[in-house]
Amino acid sequence: MLDVERIREDFPILHQQVNGRPLVYLDNAATTQKPRQVIDALVRYYETDNANIHRGIHALAVRATEQYEGVRAKVAAHIGAANPSDVVFTRNTTESINLVARAWGDANLRPGDEVVLSIMEHHSNIIPWQQLAKRTGAVLRYVDITGEGELAIDQLRAIIGPRTKLVTIVHMSNVLGTINPVGDIAEMAHAAGALVLVDGAQSAPHLPIDVRSLGCDFFAFSAHKMLGPTGVGVLWARPGLLESMDPFLGGGEMISIVRPEESTWAEVPHKFEAGTPNIADVIAFGAALDYLGGIGMANVRRHEEHLAGYAIDALRSIEGLKVHGPLDPERRGGAVSFSVPGVHPHDVSTIVDSYGVAIRAGHHCAQLLMRRLQVPATNRASLYIYNREQEIDALVEALHEATRIFARADSRTAVR
Ligand code: 7TS
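Quick look at the structure, then. (Residues numbered from 1 in each chain as written. Predicted model: local features only at pLDDT ≥ 70, side-chain atom pairs only at ≥ 80, totals over all residues. Heavy atoms only, no water.)

1. Examining the overall build of the chain
Then, number 1: Across its full length, the chain carries 14 helices and 17 strands.
Then, number 2: Computed over C-alpha atoms, the radius of gyration of the chain comes to 22 Å, within 12% of the 22 Å expected from 2.2 N^0.38 for 416 residues, which places it in the range of a compact globule.
Then, number 3: Considered along the principal axes of its C-alpha atoms, the chain spans approximately 80 × 55 × 40 Å.
Then, number 4: Within the chain, buried positions represent 56% of all 416 residues.
Then, number 5: For the chain, the share of sequence-separated contacts (at least 6 apart) that also reach a separation of at least 24 residues comes to 71%.
Then, number 6: For the chain, the accessible surface area stands at approximately 17300 Å², while carbon and sulfur atoms represent 51% of it.
Then, number 7: Side-chain charges of the chain comprise 39 positive and 48 negative groups, with the mean position of each set lying 4 Å from the other. (Helix = DSSP H or I, 4+ residues; strand = E, 2+ residues; numbered from the N terminus. Rg over C-alpha atoms; globule rule 2.2 N^0.38 Å. Buried < 20%, exposed > 50% of the residue type's maximum accessible area, 1.4 Å probe, protein only. Contact = heavy atoms within 4.5 Å. Areas by Shrake-Rupley, 256 points an atom, 1.4 Å probe, with all protein chains shown as cover. Lys, Arg positive; Asp, Glu negative; His and termini not counted. Charge placed at Lys NZ, Arg CZ, Asp CG, Glu CD.)

The following block contains the structure:
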């Protein structure tokens, strides 16, 4: 088990009162808080090493370049990738997916080709494919979920066929918490000659990841959901794939030789990192990876599995409350969406906020899933390494208060 109290000492932001109560931060699926080590790395870089990278041969440029490239190697190690050169830094998961849609999709899809995705995808794994379909005449095929909020795997098996060129699937749902069997999905897709993109925005922060055993072709995630700064994303591609793709953006840093009419490209991954990258935040992301590595991702997972089970049981003790997604913590992560009967999700969040508890209300950028669940929005509590059982208790106490307030309001309306 994690020493949560010890971990909490590293997060300055957690030690504050909100609305007169200790802050309970349960919006980690949106973004996580940053430990002092990450904040210090940012400050240290700007105070001692700031320079542009991959150019200039002065000492600061060399130090900045070494640190930036060192983080690429750390990312590769963190996700079990064989080569740092298969890791591209982007701005976020969204940009990583758009990069694949443009640089791979435009060159490889023809009218009638199929892209298979699920209705539990985040908009960032839907919209780029809709745009690609418009450009190329490709067709999107959606896989449904089961009543338990798991991927309808038999339907997926039936949909994948000779026209399938890409299966693009979320590893862990940001709404349902569902963990999808991406290893099995990759086998099915590859048997049909299709590639597989895994949206790892919610899995990379919470599960041990080994891209080689997952068997996928692309893996995308964001630093800010795993203790790192905003503005840094990762796209990993299977060895050889990036070489076969044309660049997404053109400009400085990504070229080899520039001629008036035509130019040649730099080696991968630099071919995909046009312009000055987010040097400082990439370097600080390295401190986040060190931090998670120090804890161990298996320990992160164990902690969250326990806490998710605790949260689901505690939430379900509220009469009529519905938890969406799998109830078994072994089959899911710590993003727990729920609906409180008779209270709009935004009202729930506002009341809970008055207790110092930060949760999210809304469609969570998953409107297709909301429609399938037949709800306009949900509330969502999402967990991380610094959360404790007593914070779940604070949430549940605040939810009881929300239901009491709305029950009173209802009875007043009924009298009138
Ligand atoms: N994919 C999934 C599964 C996500 O949860 C998110 C962000 C993204 C992609 C996009 O990540 P970005 O870093 O490019 O924005 N999810 C959420 C969320 O659930 N609440 O706020 C952001």
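Having seen it, we continue.
2. Looking at the nonpolar core
Then, number 1: Formed by 82 residues in total, the largest nonpolar core has its most connected members in Val-75, Phe-219, Phe-221, Leu-227, Phe-285, Ile-385 and Tyr-386.
Then, number 2: Per-element tally for this core: the top contributor is helix α10 (residues 279-295), with 12 residues.
Then, number 3: Every residue in contact with Tyr-386, bar those within four places of it in the chain, is listed here: Val-4, Ile-7, Arg-8, Phe-11, Leu-14, Tyr-25, Asn-28, Thr-32, Gln-33, Leu-227 and Glu-391.
Then, number 4: Judged by nonpolar contacts, the second largest core, of 28 residues, contains Trp-104, Leu-109, Leu-197 and Leu-242. (Core = buried A, V, L, I, M, F, W, Y, C linked by side-chain atoms within 4.5 Å.)

3. Quick word on the pattern of salt bridges
Between side chains of opposite charge, pairing is possible as soon as their charged atoms come close.
Then, number 1: All chains considered together, the criterion is met by 19 salt bridges.
Then, number 2: Across the pair Asp-49 and Arg-63 runs a salt bridge, and its minimum N-O distance is 2.7 Å. With Asp-49 in helix α2 (residues 36-49) and Arg-63 in helix α3 (residues 59-78), the pair connects residues that are 14 residues apart, well separated along the chain.
Then, number 3: Linking Arg-404 and Glu-401 is a salt bridge whose minimum nitrogen-to-oxygen distance equals 3.0 Å. Of the two residues, Arg-404 and Glu-401 both sit in helix α14 (residues 389-415), 3 residues apart, roughly one turn of that helix. (Salt bridge = Lys/Arg side-chain N within 4 Å of Asp/Glu carboxyl O.)

4. Points about the site of the ligand
Then, number 1: Around the ligand lies a shell of 17 residues, among which Thr-94, Asp-199, Ser-222, Arg-360 and Arg-380 are the nearest.
Then, number 2: Between the ligand and the protein, one listed contact pairs an oxygen atom with a side-chain N or O atom of Gln-202 at 2.7 Å.
Then, number 3: Interatomic distance of 3.0 Å between a side-chain N/O atom of Lys-225 and a nitrogen atom of the ligand.
Then, number 4: Starting from 490 Å² of accessible surface for the ligand in isolation, the protein chains cover 89%.
Then, number 5: Here the shell around the ligand is composed, by residue class, of 4 nonpolar, 9 polar and 4 charged. (Near = heavy atom within 4 Å. Polar contact = N/O pair within 3.5 Å; in protein donor to acceptor, adjacent residues only side chain to side chain. Nonpolar A, V, L, I, M, F, W, Y, C, P; charged D, E, K, R; others polar.)

5. Quick word on the sheet that holds strand β5 (residues 114-118)
In sheet architecture, strand pairing relies on hydrogen bonds along the backbone and comes in two forms, parallel and antiparallel.
Then, number 1: Ordered in space as β4-β10-β9-β8-β7-β5-β6, the 7 strands form an open sheet in which the pairing is mixed. Strands with a single pairing partner mark the edges of an open sheet, and in this sheet they are β4 (87-90) and β6 (139-143). Averaged over all adjacent pairs, the angle separating strand axes in this sheet is 20°, with direction ignored.
Then, number 2: Here 3 bridges tie β5 to strand β7 (residues 164-170), and the two strands are oriented parallel to one another. Across the sheet, Val-115 pairs through a bridge with Leu-166, a residue of β7. (Pairing = 2+ DSSP bridges. Axes fitted to C-alpha atoms, helices over the stretch in contact; angles between N-to-C directions.)

6. Points about the environment of Gly-275
Then, number 1: Position of Gly-275 relative to the elements: it lies in the loop between β12 (263-265) and α10.
Then, number 2: Each C-alpha atom of the pair Gly-275 and Leu-249 lies 8.9 Å from the other, and the pair is 26 residues apart in sequence.

7. Focus on the pairing of strand β10 (residues 233-237)
Then, number 1: Burial runs high along β10: 5 of the 5 residues are buried.
Then, number 2: Residues of β10 alternate between two faces, with Gly-233, Leu-235 and Ala-237 on one and Val-234 and Trp-236 on the opposite face, all of them buried.
Then, number 3: Pairing analysis gives 4 bridges linking β4 to β10, with the strands arranged antiparallel. Bridge pairing in β10 links Val-87 to Trp-236.
Then, number 4: Where strand β9 (residues 218-222) lies against β10, 5 bridges are found, and the strand directions are antiparallel. Across the sheet, Ser-222 pairs through a bridge with Gly-233, a residue of β10.

8. Here we look at the side chain of His-78
Then, number 1: Structurally, the position occupied by His-78 is in helix α3.
Then, number 2: Taking the relative accessible area as the measure of exposure, His-78 reaches 17% and is therefore buried.
Then, number 3: Excluding residues that lie within four positions of it along the chain, His-78 makes contacts with Ala-204, Ile-209, Met-226, Leu-289, Leu-292 and Met-297.

9. Observations concerning the packing of aromatic side chains
Then, number 1: This structure, assessed with the given rule, holds 6 aromatic pairs.
Then, number 2: Between Tyr-384 and Tyr-386 the ring centres are 6.0 Å apart and the planes differ by 85°, which places this aromatic pair in the edge-to-face class. With respect to class, Tyr-384 is no different from Tyr-386; both count as buried.
Then, number 3: Chaining the aromatic ring pairs together yields one cluster made of Phe-11, Tyr-291, Tyr-384 and Tyr-386. (Phe/Tyr/Trp six-rings, centres within 6.5 Å; stacked < 30°, edge-to-face > 60°.)

10. With respect to a nonpolar patch on the surface
Then, number 1: A cluster of nonpolar side chains, namely Ile-255, Val-258 and Trp-265, defines an oily patch on the protein surface of about 260 Å² accessible area.
Then, number 2: Within the secondary structure, Trp-265 is located in strand β12. (Patch = residues over 30% accessible without salt bridge, like charges linked within 9 Å, V, L, I, M, F, W, Y side chains within 5 Å.)

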